[in-house]
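Structural overview for review
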Amino acid sequence: MPRRRETLGVVPPPLVDLFPAPLVDRLLDLRRHLHQYPELSRQEEATADRLAQELERLEPVAVERAAGTGVVARIAGRDRGAPVVALRGDIDALPIDEATGLDYTSLNAGVMHACGHDVHATWAVGAAALLSAQPAAGDVLIVLQPAEEIAWGAQAILASGALDGVTAIFGAHVDRRFTVGEVVVEEGPMNAASDGFRITLRGEGAHGARPHEGTDPVIGAAALIMQLQTLVSRRLEPGTPGVLTIGHVQAGVAGNVIPESARLLGTLRATTARSREQLRDWLREMVHAVAAVHRLDAELEFLDHTPPIVNPPRETQWVRQPALELLGGQRLCTLPEVNMGGEDFAYYLEKIPGCFFRVGARESGGAVISAHSPHFFAADGAIFVGAALLAAAARRASADLASAL
Ligand code: NI
């Protein structure tokens, strides 16, 4: 079948032979459809239906729903008893008004695929197609995960039991700092741990003109906000990135009233399990020490949290080797800095060894646009890089794991 004119040249040259024309057209259609009809976290009903349909066309062993709006398909391996590996694509969108001007711009007002999860879902389907055409040693689970943006989906997929017995897992994210065909597949920290926290300081209310009759939590909160900045600047080893941000401060109702309490909301980012533990311990210590100096009661609660992503050596090689072979060494880039954003793929890596990599998504001549911007989109070519590398990593991991039995 001849390739449609608009899809000519979309597949990066080194990968052209991997993708027959009908598959290219199908993946581009799927991506455009998902982009036009984005759905928020835990509401990905139509998205999940469409993805399940696409996967069923590949005649997999099974296609099942998991974690509500998630879809898990099992692609048969050559030996059904061999170790099982998993490939994950996240599928949810964000509450943002799209401003890309793309001809397949969002038709769901106020909702947008501003983080490229339309491409992640599509490349997972692409990898499924490649693996059903040329199977891995063992079965491969294609995991279309909901609700990444609220750090809910990975935990829910794990809790569903859908990944029980899986021996390796791979996933990736689009990144417009790199052009299509460039990838980052590196050992070590890739995404920061993210810990939300709430601090409540309790004193004793008084008249603003008579502070000596109360205990002022506002002064304590102000001192604490400043002191907390020394945890990263003075206590954390300077070569280890970390961030502590207080993003919400709330206290009092009037200018002449000393309130009873003050509340701070913040986020802590760390790149290793050790520095995360250190920062959490130091935060606890500082909150109680500063509160004591100001004669306040303090309560510290940790809220949402995502572990860090730290790629281990063996699993990283399972992606890096195919990347070298398929794309060539000069297309393997290094991360200019560790990404201090959280990524819920980290939950899988707490339970299952694996690797998370980044896929260049800037078209030639295009601008660097950060994810979660209303102008963000991933170039089409990224679909084929992601699909090819995920399928190749699954085959490599599966072969190595099977031969080690
Ligand atoms: Ni994302």
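Each strand in a sheet pairs with its neighbour through backbone hydrogen bonds, running either in the same direction (parallel) or in the opposite one (antiparallel). As summarised here, the arrangement of the seven strands in space is 1-2-4-3-5-15-6, forming an open sheet in which the pairing is mixed. With partners counted over all chains shown, the strands left at the sheet margins are strand 1 (62-66) and strand 6 (183-184), one partner each. As defined by bridge partners, strand 3 (residues 84-90) adjoins strand 5 (residues 166-179) across five bridges and the pair is classed as parallel. Paired with Ala86 across the two strands is Ile169, which belongs to strand 5. Contacts between helix 4 (residues 153-160) and the sheet are confined to strand 1 and strand 4 (140-145), with strand 4 contributing the most and set at about 135° to the helix. Packing of helix 7 (residues 313-327) onto the sheet brings it into contact with strand 5, strand 6 and strand 15 (354-362), and relative to strand 15 it is tilted by some 35°.

Before going further, it helps to spend a moment on the pattern of salt bridges. Scanning all chains against the criterion turns up 25 salt bridges. Among the salt bridges present, the one from Asp175 reaches Arg177, with a minimum N-O distance of 2.7 Å. Asp175 gets classed as buried once you look at its relative accessible area, which sits at 6%. Taking relative accessible area as the criterion, Arg177 reaches 28% and is therefore assigned partly exposed. Close ionic contact of Glu325 with Arg396 constitutes a salt bridge, the shortest N to O distance being 2.9 Å. Of this pair, Glu325 sits in helix 7 while Arg396 sits in helix 9 (residues 381-403); the two residues are 71 residues apart in sequence, bridging distant segments of the chain.

Moving on, we come to the coordination of the nickel ion. Cys115 (SG), His117 (NE2) and His173 (NE2) make up the full set of protein donors to the nickel ion, lying at 2.1 to 2.2 Å. On the primary sequence, the residues serving as donors to the nickel ion are separated as C-x1-H-x55-H. Here the residue Cys115 occupies a position in the loop between strand 3 and helix 3 (117-133), and His173 occupies one in strand 5, the gap between them amounting to 58 residues. Both residues of the pair, Cys115 and His173, count as buried.

A separate point is the packing of aromatic side chains. Two aromatic rings are characterised by how far apart their centres lie and by the angle between their planes. Across all of its chains, the model carries three aromatic pairs by this definition. With a centroid separation of 5.0 Å and an interplanar angle of 80°, the aromatic rings of Phe19 and Phe384 are classed as edge-to-face. Of the two residues, Phe19 sits in the segment before helix 1 (21-36) while Phe384 sits in helix 9, which places them 365 residues apart along the sequence. The two residues Phe19 and Phe384 agree in class, both being buried. Seen from their ring centres, Phe345 and Tyr348 are 5.5 Å apart, and the 65° between their planes marks the pair as edge-to-face. Here the residue Phe345 and the residue Tyr348 both occupy positions in helix 8 (residues 345-351), the gap between them amounting to three residues, near one helical turn. For the pair formed by Phe345 and Tyr348, the shared burial category is buried. Three or more aromatic residues joined by ring pairs make a cluster, and in this case those are Phe345, Tyr348 and Phe356. Over the aromatic face of Phe302 sits the side chain of Arg280, whose NZ or CZ is 3.9 Å from the ring centroid.

Quick look at the pairing of strand 3 now. For strand 3, a buried count of seven out of seven residues is recorded, marking the element as mostly surrounded by other parts of the structure. Burial along strand 3 is two-sided: Val84, Ala86, Arg88 and Asp90 facing one way and Val85, Leu87 and Gly89 facing the other are all buried. By the bridge criterion, six bridges tie strand 3 to strand 4 in an arrangement that is parallel. Of the residues in strand 4, the one forming a bridge with Asp90 is Gln145. The β-α-β motif built from strand 3, the intervening helix 3 and the parallel element strand 4 has right-handed crossover chirality.

The subject of this paragraph is the nonpolar core. Formed by 69 residues in total, the largest nonpolar core has its most connected members in Phe19 and Phe170. Considering each element in turn, this core owes the most residues, 13 residues, to helix 9. Counting 27 residues, the second-largest nonpolar core is a separate cluster that includes Ala156, Leu158, Tyr347 and Leu349.

Attention now moves to the domain arrangement of the protein. Segmentation of the protein into domains returns domain 1 (2-191 + 308-403) and domain 2 (194-306). Computed over C-alpha atoms, the centres of domain 1 and domain 2 are 39 Å apart. Between domain 1 and domain 2, the residue contacts involve 12 residues of the former and 11 residues of the latter. When the two sides are added together, the surface that domain 1 and domain 2 hide from each other amounts to roughly 860 Å², 68% of it contributed by carbon and sulfur. Its largest share of buried area at the contact with domain 2, domain 1 owes to Pro308, Met340 and Tyr347, together 60% of the area lost on that side. On the surface where domain 1 and domain 2 come into contact, there are zero salt bridges.

A few words now on the sheet that holds strand 10 (residues 242-251). The sheet built from four strands is open, its strands ordered 10-12-8-13 with antiparallel pairing. Bordering the open sheet on either side are strand 10 and strand 13 (297-306), each of which pairs with just one other strand. Looking at each pair of strands side by side, their axes are set apart by 20° on average, direction ignored. Of the strand pairs in this sheet, strand 10 and strand 12 (residues 261-270) are connected by nine bridges, and their pairing is antiparallel. Its bridge partner lying in strand 12, Leu244 is registered against Leu268. Packing against the sheet, helix 5 (residues 217-235) makes contact with strand 8 (193-202), strand 10 and strand 12, and its axis sits at approximately 170° to strand 10. Sitting on the sheet, helix 6 (residues 273-293) is in contact with strand 8, strand 10, strand 12 and strand 13, with an inclination near 160° to strand 13.

Reading guide: rules and limits
- Residues numbered from 1 in each chain as written.
- Predicted model: local features only at pLDDT ≥ 70, side-chain atom pairs only at ≥ 80, totals over all residues.
- Heavy atoms only, no water.
- Pairing = 2+ DSSP bridges.
- Helix = DSSP H or I, 4+ residues; strand = E, 2+ residues; numbered from the N terminus.
- Contact = heavy atoms within 4.5 Å.
- Axes fitted to C-alpha atoms, helices over the stretch in contact; angles between N-to-C directions.
- Salt bridge = Lys/Arg side-chain N within 4 Å of Asp/Glu carboxyl O.
- Buried < 20%, exposed > 50% of the residue type's maximum accessible area, 1.4 Å probe, protein only.
- Donors = N, O, S within 2.8 Å, 3.2 Å for Na, K, Ca; no water.
- Phe/Tyr/Trp six-rings, centres within 6.5 Å; stacked < 30°, edge-to-face > 60°.
- Lys NZ or Arg CZ within 6 Å of the ring centre and 35° of its normal.
- Right-handed = clockwise from strand over helix to strand, strands pointing away.
- Core = buried A, V, L, I, M, F, W, Y, C linked by side-chain atoms within 4.5 Å.
- Domains from an automatic or database assignment.
- Buried area = accessible area lost by both parts, 1.4 Å probe.

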